[in-house]
Amino acid sequence: MTAPTTTPTPATVDAAAAPDEDELLAHFDALIAGGETIEPRDWMPDGYRRMLVRQIAQHAHSEIIGMQPEGAWLTRAPSLHRKSVLLAKVQDEAGHGLYLYSAAETLGVDRADLLDALHHGRQRASATFNHPALTWADTGAIAWLTDGAAVINQAPLCRTSYGPYARAMRRVCQEEAFHVRQGYDLMRALCEGTREQKEMAQDAVNRWWLPAVALMFGPPDTEAGGADARTAALGAAVSRRAMAWGIKRHTNDELRQRFVDTCVPQAERLGLTLPDPAIRWNEERGHYDFTPVDWDTYRTALGDDTHWARGRIAHRLAAHEDGAWVREAAVAYAARTDEPAGAAA
Amino acid sequence: MSAAREGAPASWEVFLRARRGLAHQHVGSVRAAGPDAALAAARDLYARRGEPLSLWVVRSDALHTASPDERDPYFAGARHKPYRYPEHYAPLTEKGPEGEHHE
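Residues numbered from 1 in each chain as written. Chains lettered and ligands numbered in written order. Predicted model: local features only at pLDDT ≥ 70, side-chain atom pairs only at ≥ 80, totals over all residues. Heavy atoms only, no water.

1. Considerations on the confidence of the model for chain A
All names here are of chain A.
In step 1: Summary statistics for chain A give a mean pLDDT of 89 and a share of 91% for residues scoring 70 or more.
In step 2: Confidence, expressed as mean pLDDT per element, reaches its minimum in chain A at helix 1 (residues 10–17) with 48 and its maximum at strand 2 (residues 287–289) with 97.
In step 3: In this model, residues 1–15 is a region of pLDDT below 50 whose contacts with residues beyond four sequence positions or in other chains number 36 contacts. (pLDDT = per-residue confidence, 0-100. Helix = DSSP H or I, 4+ residues; strand = E, 2+ residues; numbered from the N terminus. Contact = heavy atoms within 4.5 Å.)

2. Some thoughts on the pairing of strand 2 (residues 25–32) of chain B
Residues and elements named next belong to chain B.
In step 1: The buried fraction of strand 2 amounts to 6 of the 8 residues, a majority that puts the element mostly inside the structure.
In step 2: Relative to strand 2, strand 1 (residues 10–17) is paired through 7 bridges, and the arrangement is antiparallel. Looking at strand 2, one finds that serine 11 is bridged to arginine 31. (Buried < 20%, exposed > 50% of the residue type's maximum accessible area, 1.4 Å probe, protein only. Pairing = 2+ DSSP bridges.)

3. As for the packing of helix 7 (residues 136–154) of chain A against helix 11 (residues 252–270) of chain A
Residue and element names in this part refer to chain A.
In step 1: Across the interface, helix 7 lies against helix 11 with an axial gap of 10 Å and an inter-helix angle of 140 degrees. By the angle between their axes, helix 7 is oblique relative to helix 11. The interaxial crossing formed by helix 7 with helix 11 has right-handed handedness. Two secondary-structure elements touch here, helix 7 through Trp144, Leu145, Gly148, Ala149, Ile152 and Asn153 and helix 11 through Leu255, Arg258, Phe259, Thr262, Cys263, Gln266, Ala267 and Leu270.
In step 2: Of the residues assigned to the contact of helix 7 with helix 11, the class counts are 9 nonpolar, 4 polar and 1 charged. (Axes fitted to C-alpha atoms, helices over the stretch in contact; angles between N-to-C directions. Parallel < 35°, antiparallel > 145°, perpendicular 65-115°, else oblique. Left-handed = near helix turned anticlockwise from the far one by under 90°. Nonpolar A, V, L, I, M, F, W, Y, C, P; charged D, E, K, R; others polar.)

4. Topic: the side chain of A:Asp221
Residue and element names in this part refer to chain A.
In step 1: Structurally, the position occupied by aspartate 221 is in the loop between helix 9 (195–215) and helix 10 (229–244).
In step 2: In terms of polar contacts, aspartate 221 uses its side chain to reach the backbone amide nitrogen of asparagine 252, at 2.8 Å.
In step 3: Beyond its immediate chain neighbours, meaning those up to four positions away, aspartate 221 contacts Ala232, Gly235, Ala236, Ser239, Lys248, Thr251, Asn252 and Asp253. (Polar contact = N/O pair within 3.5 Å; in protein donor to acceptor, adjacent residues only side chain to side chain.)

5. So, a negative patch on the surface
Residue and element names in this part refer to chain A.
In step 1: Residues Asp20, Glu21, Asp22, Glu23 and Asp46 make up a contiguous surface patch of negative charge.
In step 2: The leading source of residues in the negative patch is helix 2 (residues 21–33), at 3 residues.
In step 3: We classify glutamate 23 as exposed; its relative accessible area is 55%. (Patch = residues over 30% accessible without salt bridge, like charges linked within 9 Å, V, L, I, M, F, W, Y side chains within 5 Å. Areas by Shrake-Rupley, 256 points an atom, 1.4 Å probe, with all protein chains shown as cover. Salt bridge = Lys/Arg side-chain N within 4 Å of Asp/Glu carboxyl O. Lys, Arg positive; Asp, Glu negative; His and termini not counted. Charge placed at Lys NZ, Arg CZ, Asp CG, Glu CD.)

6. Structural notes on the packing of aromatic side chains
Residue and element names in this part refer to chain A.
In step 1: Inspection of the entire model under this criterion finds 10 aromatic pairs over all chains.
In step 2: Taking 6.3 Å as the distance between ring centres and 65 degrees as the angle between the ring planes, the aromatic pair formed by tryptophan 144 and tyrosine 184 counts as edge-to-face. Within this pair, whereas tryptophan 144 is found in helix 7, its partner tyrosine 184 is found in helix 8 (residues 163–191), the two being separated by 40 residues in sequence. In this structure, tryptophan 144 and tyrosine 184 share a single accessibility class: buried. (Phe/Tyr/Trp six-rings, centres within 6.5 Å; stacked < 30°, edge-to-face > 60°.)

7. Things to note about the sheet that holds strand 1 of chain B
All names here are of chain B.
In step 1: Strand order in this open sheet of 3 strands is 2-1-3, and the pairing throughout is antiparallel. Across the chains shown, the open sheet's two edge strands, defined by having one partner strand only, are strand 2 and strand 3 (54–59). Going across the sheet, the axis of each strand differs from the next one's by a mean of 30 degrees, ignoring polarity.

8. What about the nonpolar core?
All names here are of chain A.
In step 1: Among the nonpolar cores identified, the biggest contains 48 residues, and Trp144, Leu145, Met187, Trp209, Phe259, Leu272 and Leu274 are the most heavily contacted of them.
In step 2: Elements represented by at least two residues in this core include exactly helix 5 (80–105), helix 7, helix 8, helix 9, helix 11 and helix 12 (295–302).
In step 3: For tryptophan 209, the contacting residues outside a window of four places in its chain are Leu145, Phe259, Val260, Cys263, Leu274, Pro275, Asp276 and Ile279. (Core = buried A, V, L, I, M, F, W, Y, C linked by side-chain atoms within 4.5 Å.)

9. Examining the state of the cysteines
Residues and elements named next belong to chain A.
In step 1: Tallied over the entire structure, the rule returns 0 disulfides over all chains.
In step 2: Between cysteine 158, a free cysteine, and cysteine 173, which holds the nearest cysteine sulfur, the sulfur-to-sulfur gap is 3.6 Å.
In step 3: Taking the relative accessible area as the measure of exposure, cysteine 173 reaches 16% and is therefore buried. (Disulfide = S-S within 2.5 Å.)

Below you can see the structure in the form of structure tokens.
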């Protein structure tokens, strides 16, 4: 019952039948309003398609680039067990990127073009991963905090309105649960270790808290979240559009609050301090207060155009170019086999 | 979308049977140069956990498809043929006219 992943785009299909655009839009809106999914061969507004391509591509790029900070520790894991776990985790991240590129391709784009856009700065990955993983504890802090943030961000995306994206996100979320748990477990091992180990854990949390809380949820999009009125209006307009289409379900700031509420008790159990003196339980709101992520904070966290940010793309590009011979060999192999599918054009 | 060059990487749909007794289910797609590479990619991507029993890969452009929106008569059959469903008839637990006569 599922449409194949790559089909003619509905635009070309519909051009032949030429139904009235208002009628198509009404049908699309009714599907969204009824909580039904939009599938690849359904008609959809151009803006919906563009917003999805942009979001799914950015998400896929983040998974692929996100392999780098932790991947750098694969050869230096402190035990075979931790190494197996980290390998499995980094492999999952590659898989998440692939699920998402597949989902994007159902919208009529080609992953080669998306990767090209990443390599040449026309599209971006999350700036979270522009930060370096300086110690082994960073691999734990990344998994606990940034993957923890990702889960909170992504759980609602399992119900996003575009079918292939929602299905990809369900797979991603199942795997993210393992990522967060193993990260927490790694941090707990360090916190129960020597004084130096615990200091290393605290240092990693000090460096990864801001990237997680600021960058994993996107810029502020409400005044309550710390944006000035104009920025809040701008951010809210984008969020509102995404929410009206059922792509997003919550504002950035709502999810950010949910993340802080989840992390504070976990940090307390670990005996670690989150590096934000403003964190305090607010009885009245029923939430933890924290320093609002305003635009200045956000920009500071971005770390745009730093040595590390450039390095991530350079590394990705080098891997792509160094791997060209593998892709060429696979094509040559497929061309010489007499399997019908390999030879069929 | 790139044209289907001979041997060029293509999109392959992946079907997985997770357990004995289940039908193969569409789980997503991979991009690969040929059938062997597609199976290997599908295994790496969709079978890292659990103990899947079987994997199929089918070139995406080899699938012939129909969707209700495009080809309504294809799917229009069932809804106004209620006589195809058991609910259309009296339940077996209901007494027939003869039974009622005797009471």
